Amino acid sequence: AQTVTQSQPEMSVQEAETVTLSCTYDTSESDYYLFWYKQPPSRQMILVIRQEAYKQQNATENRFSVNFQKAAKSFSLKISDSQLGDAAMYFCAYNEYGDDKIIFGKGTRLHILP
Amino acid sequence: EAGVTQFPSHSVIEKGQTVTLRCDPISGHDNLYWYRRVMGKEIKFLLHFVKESKQDESGMPNNRFLAERTGGTYSTLKVQPAELEDSGVYFCASSQDAISGGSTDTQYFGPGTRLTVL
């Protein structure tokens, strides 16, 4: 069965600095999608970034970028120029090609220090 | 465009009682999903509707949980009778088109319903 592991339950970063959140996953499939979702306190969970496994190029969305290492089954999220609004729980997630369910990690709570 | 909405935002009930959670997906979205996060653990898939039909209910924990989606619009998740281990946050998500051609449409999540069973 596929699993997603986030080894950092909590992290802190100074405002304007860069932080990297780690994620590893386990699968025997070759076609899949990876996601980072963000859930601010008491608010909706939103999709931050998405990566298709067949794409070698790392996905980027403004200040958010990923380091996708398919062979190592690693999918880290880098947040550049951290802002107070980035404080949230971040979930790494996996979805097998053609499947309906998303498999989530336990999440990493990110604190932004002013 | 309104996002996925869930009601109530928080529910506190006694063990043995019944609770019904509601989810309104984004208008026009065929797919509706229920997930649950028990404290300290991962968010886990419960089930998936395509319109009014249950496509996959492999994640439903037991027969105390009943999900419906009448008319393919909003969905309800009823827990009867509730047990202590049912406490957690219940998320609903929706996506636009039925899975076809191998594409995966983005699932948009609601804010969740926090259920506390005492």
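Higher on the page you've got the structure.
All figures in this text were calculated on a predicted structure; none of them were measured in a lab. (Residues numbered from 1 in each chain as written. Chains lettered and ligands numbered in written order. Predicted model: local features only at pLDDT ≥ 70, side-chain atom pairs only at ≥ 80, totals over all residues. Heavy atoms only, no water.)

With that settled, consider the packing of aromatic side chains. For the structure on display, the rule yields 17 aromatic pairs over all chains. For the ring pair Tyr37(A) and Phe104(A), a centre distance of 5.8 Å and an interplane angle of 50° mean the geometry is tilted. A residue pair is termed long-range when its members are at least 10 positions apart, and Tyr37(A) in strand β5 (residues 32–39) and Phe104(A) in strand β11 (residues 103–104) qualify at 67 residues. With centroids separated by 6.4 Å and ring planes inclined at 35°, the aromatic side chains of Tyr33(B) and Tyr35(B) adopt a geometry described as tilted. Like Tyr35(B), Tyr33(B) is buried. (Phe/Tyr/Trp six-rings, centres within 6.5 Å; stacked < 30°, edge-to-face > 60°. Helix = DSSP H or I, 4+ residues; strand = E, 2+ residues; numbered from the N terminus. Buried < 20%, exposed > 50% of the residue type's maximum accessible area, 1.4 Å probe, protein only.)

Moving on, we come to the nonpolar core. In terms of nonpolar packing, the biggest core is built from 26 residues, with Leu21(A), Tyr25(A), Trp36(A), Phe75(A), Leu77(A), Tyr90(A) and Leu110(A) touching the most fellow members. Going through the elements one at a time, β2 (10–14), β3 (19–21), β5, β6 (46–52), β8 (64–69), β9 (74–79), β10 (88–96) and β12 (108–113) of chain A are the ones with two or more residues in this core. For this core, the leading source of residues is β10(A), giving four residues. One finds Ile26(B), Met60(B), Phe65(B) and Leu77(B) within the second-largest nonpolar core, a separate group that totals 21 residues. (Core = buried A, V, L, I, M, F, W, Y, C linked by side-chain atoms within 4.5 Å.)

All names here are of chain A. Within β5, eight of the eight residues are buried, which leaves it mostly tucked inside the rest of the structure. Side-chain alternation along β5 places Tyr32, Leu34, Trp36 and Lys38 on one buried face and Tyr33, Phe35, Tyr37 and Gln39 on a second face that is also buried. Relative to β10, β5 runs antiparallel, the two being bridged by eight bridges. By the bridge assignment, Gln39 is partnered in β10 with Met89. Taken together, the six bridges between β5 and β6 define a ladder with antiparallel strand orientation. When the sheet's bridge partners are listed, Tyr33 is paired in β6 with Glu52. A loop of six residues connects β5 with β6, the two strands running antiparallel in sequence, and Ser42 in this loop sits at a positive phi of about 60°. (Pairing = 2+ DSSP bridges.)

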